[in-house]
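Per-entry structural report
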Amino acid sequence: MITATLSEYDAARLVGMSIEQYSVCMQGATAVQRGYDFRFEGKRYQIKGNRPSGKPGSFVTMVPKATNYDWDRLIWILYDPQYRIVEAWMWEVDEYKARFDPIKRLSPTHYRAGQRLR
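Residues numbered from 1 in each chain as written. Predicted model: local features only at pLDDT ≥ 70, side-chain atom pairs only at ≥ 80, totals over all residues. Heavy atoms only, no water.

1. Notes on the environment of R13
Tracing the backbone through its elements, the reader meets R13 in helix α1 (residues 2-14). Taking the C-alpha atoms as reference, R13 lies 21 Å from R34; in sequence the two are 21 residues apart. (Helix = DSSP H or I, 4+ residues; strand = E, 2+ residues; numbered from the N terminus.)

Here it is in structure tokens:
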């Protein structure tokens, strides 16, 4: 759960949301909010994050896939074992759906074809 919470905060900061704006935005939000994780400048953001366990030879091979399209932009963040951002990528919903809807298992390579944020 820490990865999900941290990735939502980090994604908000990556798109330019201030700490104060994020605090206001998250008032009343729940962990099971359907469709998107937060709104910013009229866009709904869905956030996905991964982190390898840190065990020798551990690395991310599968990334979470969106289960609905009730968002405008998806951001995927890859962390290192100490939760430092290694890379971050963004997708617009229409392109994401066209590209990934028929694919059952996504890898980091899939997400790396999006817009690089970091």
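2. Quick look at the side chain of N50
Here N50 shows up in strand β2 (residues 43-50). Judged by its relative accessible area of 13%, N50 falls in the buried class. Setting aside anything within four residues of it in sequence, one finds N50 in contact with T3, V60, M62, V63, P64, W76, I77, L78 and Y79. (Buried < 20%, exposed > 50% of the residue type's maximum accessible area, 1.4 Å probe, protein only. Contact = heavy atoms within 4.5 Å.)

3. Digging into the sheet that holds strand β1 (residues 38-40)
Ordered by their spatial adjacency, 5 strands build an open sheet running β1-β2-β3-β4-β5, and the pairing between neighbours is mixed. Edge strands, defined here as strands with exactly one partner in the open sheet, are β1 and β5 (115-116). One ladder, built from 2 bridges, connects strand β4 (residues 85-92) with β5; its direction is antiparallel. Within β5, the residue paired with M90 across the bridge is Q115. Strands in contact with α1 are β1, β2, β3 (73-79) and β4; relative to β3, the strand with the most contacts, it is inclined by about 115 degrees. Seen against the sheet, helix α3 (residues 93-100) touches β3 and β4 and runs at an angle of roughly 95 degrees to β4. (Pairing = 2+ DSSP bridges. Axes fitted to C-alpha atoms, helices over the stretch in contact; angles between N-to-C directions.)

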